[in-house]
Amino acid sequence: MSLFGQVLQLLEIAERTYVGHPEATATLERIRVRMVEPLRVAIAGRVKSGKSTLLNALVGEPLAASDVGECTRFVTWYQAGGSYRAFVQRHGREAEQVRLIRRTHCVDVEPGGWADGELERIVVEWPSRRLRQMTLIDTPGLGSLSAQLGRSTEAQLLGEQDTSPADAVVYVVRHLHGSDVRFLEALHDDDVGRPFPVNSLIVVGRADEIGAGRLDAMDAAARVAERYRRDPQVRQLGSTAVAVAGLVAFGSTQLTEEHHRTILDQTRLDPDAAQMLLRSVDDVVDPAIAPGIDVARRRELLNLLGLFGMRLAERLVAEGHLSAAELATALRVHSGLDELQRVIGEQFVARAEVLKARSAMGSLKRLVGRFPPSSDTLVAGIERVEAGAHEFAELRLLLAVRGGGVRLDPTEEHEVEQLVSTIGLPAIERLGLDCGADPDLTRHELVTRIGRWRRRAETPLADPATAAAASVVARSYEGLLAES
Ligand SMILES: Nc1nc2c(ncn2[C@@H]2O[C@H](COP(=O)(O)OP(=O)(O)O)[C@@H](O)[C@H]2O)c(=O)[nH]1
Ligand SMILES: [Mg+2]
């Protein structure tokens, strides 16, 4: 039975165990609801790293504010709903509906005079296809406006509540600071329910600024992301790193025909004027430069795309004669958003069941810690699932391999990395085979690999960590063979 199925069975046992215990029953109800809800993905990182802008880009709508407002002060969830509504959740209380305010560049809730730390979260319900796939959690940021805010964000992500809030984390950095690393390490407490390399990824945010807004800025940012991907310390913290220019990404979703016409006008300027116009932020809005192009429109474009985005858009239209729709697509691809969405889809959405099951296990463990049950059945059940679920063994293997605790030759390491970085994905992905989907070849390959890793596990001189790792690998292949 899948881990997901086993956790559902544990929930049944827990419900029987806590009959007549209202608080535990309420927690269990939340855990159960959560198993069928969309995956919860938190966007974390320091203040001003570009989290809210990235969230808007991912949804394709102006939701999260950058400036001061209630939703920048508190952890805010954006979740799919049938209508436009908002709630505030005080610690330990029922959610209360509040008035949702739609502004031009964001949404907010009517201020309620709440003190910092008074609310556990704000919840914004929004009908959106993207949010049906995953609930996005915006956080005020660490090392943040006030110490209190930083702490409440941390409490939210570290799951001090009875149900841990996020199943996966997108961690946004500009440059990876010592404090980022410490925070990520704290998140990666070796305990089920908390982020693991498999459910967290690093975004190098505001990527256009890395190359100082030059047209090749994204290449420079991609190199930084590549360096993080290779860094052994970072590899233990996140599955991968992707560079994204959130502003350009979001701007690409909001581009109109009018904007496109303004850019087209820019491409028709004489080369000197064109260069002067895009020289600096001040020049873009200087009415003395390119007087034929409406300054208000230029300012709008600047706010939407930033200087780098404007330069990129101008170049893309000039060279490719792109239409408005084609320009939006090209900007989105250049911004890194498509790549981020692909990675989120592969790493988070595709393995949502494993990630949710893992979160639920963490919550159940906290529940039995808080209200120790009178019989052993539940605790024994939790221990059995934890020890027996092969998905957990694979997660531990991933950590061991990334941490360098397992001694493998480079080919073996490559193979294991492929296997563990695709936990929860279909067999063909996990094998990383070139032989396509031919079932006979796949089975033959699996049998060969099982034999090889079984022998590896039984080598008398193998150190225990490597032997254990080899036997997890063999079991993974056996599981794939049984399914094939
Ligand atoms: N140049 C540039 N500016 C950005 C980008 N993303 C965000 N910003 C700006 O950086 C500031 C902080 O962004 P915000 O998303 O609110 O960051 P948060 O505090 O992490 O939520 C805002 O002024 C944004 O317009 C980006 O990709 N490029
Ligand atoms: Mg923000």
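Predicted model, so just to flag it, every value in this text is computed and none were measured.

**Focus on helix α2 (residues 22-36)**
An α-helical segment advances 3.6 residues per turn. Residues three or four places apart therefore align on the same side.
Here comes step 1: The end-to-end C-alpha distance of α2 is 22 Å, a good match for the 21 Å that 15 residues give at a rise of 1.5 Å each.
Here comes step 2: Next to the buried residues of α2 lie α1 (3-17), β1 (39-45) and α17 (352-370).

**Notes on the pairing of strand β3 (residues 85-90)**
Here comes step 1: The buried fraction of β3 is high, at 5 of 6 residues.
Here comes step 2: As paired elements, β3 and strand β7 (residues 119-126) share 6 bridges and run antiparallel to each other. Each bridged residue has a counterpart across the sheet, and for R85 the counterpart in β7 is E125.
Here comes step 3: Direction of pairing for β3 relative to strand β4 (residues 96-98): antiparallel, over a ladder of 3 bridges. Following the sheet pairing, V88 is matched in β4 by E96.
Here comes step 4: The turn joining β3 and β4, which pair antiparallel and follow one another in sequence, is formed by 5 residues; a positive phi near 70 degrees is taken by G92.

**Some thoughts on the environment of L215**
Here comes step 1: Looking at where L215 falls in the secondary structure, it is placed in the loop between β10 (200-204) and α8 (217-230).
Here comes step 2: As a C-alpha pair, L215 and E415 span 200 residues in sequence and 37 Å in three-dimensional space.
Here comes step 3: With near-sequence residues (within four places) excluded, L215 lies in contact with F308, R311, L312 and R315.

**Observations concerning the domain arrangement of the protein**
Think of interface size as the accessible area that goes away when the parts come together; that is how it is often given.
Here comes step 1: Considered domain by domain, the protein is made up of domain 1 (3-245 + 338-353), domain 2 (250-335) and domain 3 (389-483).
Here comes step 2: The partner domain 2 presents 11 residues to the 17 residues of domain 1 that form the contact.
Here comes step 3: Where domain 1 abuts domain 2, roughly 1200 Å² becomes buried across the two surfaces, and 61% of that area is made up of carbon and sulfur atoms.
Here comes step 4: On the surface where domain 1 and domain 2 come into contact, there are 1 salt bridge.

**Thoughts on the site of ligand 1**
Here comes step 1: Neighbouring ligand 1 are 15 residues, the closest being K48, K51, T53, S66 and D208.
Here comes step 2: Here an oxygen atom of ligand 1 sits 3.1 Å away from a polar atom, N or O, in the main chain of S49.
Here comes step 3: In this structure, G246 approaches ligand 1 through a main-chain N or O atom, which is 2.9 Å from an oxygen atom.
Here comes step 4: A total of 570 Å² of accessible area belongs to ligand 1 in isolation, and the protein chains cover 83% of it.
Here comes step 5: For the shell around ligand 1, the elements supplying multiple residues, two or more each, are α3 (51-59) and α10 (246-254).
Here comes step 6: Here the element with the most residues in the shell around ligand 1 is α3; it accounts for 3 residues.
Here comes step 7: Considered class by class, the residues forming the shell around ligand 1 number 3 nonpolar, 6 polar and 6 charged.

**Observations concerning α10**
Here comes step 1: Of the residues making up α10, those classed as buried are G246, V248, A249, F250, G251 and S252.
Here comes step 2: Of the surrounding elements, those touching the buried residues of α10 are α3, α14 (295-320), α15 (324-335) and α16 (337-349).

**Re the environment of M361**
Here comes step 1: Tracing the backbone through its elements, the reader meets M361 in helix α17.
Here comes step 2: Once the C-alpha coordinates of M361 and E226 are considered, the two residues, 135 residues apart in sequence, prove to be 33 Å apart.

**Thoughts on the pairing of β7**
Here comes step 1: Taken across its 8 residues, β7 has 8 buried, putting it largely inside the fold.
Here comes step 2: Where strand β2 (residues 76-80) meets β7, 5 bridges bridge the pair, whose relative direction is parallel. By the bridge assignment for β7, Q79 is matched with E125.

Definitions and cut-offs
- Residues numbered from 1 in each chain as written.
- Chains lettered and ligands numbered in written order.
- Predicted model: local features only at pLDDT ≥ 70, side-chain atom pairs only at ≥ 80, totals over all residues.
- Heavy atoms only, no water.
- Helix = DSSP H or I, 4+ residues; strand = E, 2+ residues; numbered from the N terminus.
- Expected span 1.5 Å × (residues − 1).
- Contact = heavy atoms within 4.5 Å.
- Buried < 20%, exposed > 50% of the residue type's maximum accessible area, 1.4 Å probe, protein only.
- Pairing = 2+ DSSP bridges.
- Domains from an automatic or database assignment.
- Buried area = accessible area lost by both parts, 1.4 Å probe.
- Salt bridge = Lys/Arg side-chain N within 4 Å of Asp/Glu carboxyl O.
- Near = heavy atom within 4 Å.
- Polar contact = N/O pair within 3.5 Å; in protein donor to acceptor, adjacent residues only side chain to side chain.
- Areas by Shrake-Rupley, 256 points an atom, 1.4 Å probe, with all protein chains shown as cover.
- Nonpolar A, V, L, I, M, F, W, Y, C, P; charged D, E, K, R; others polar.

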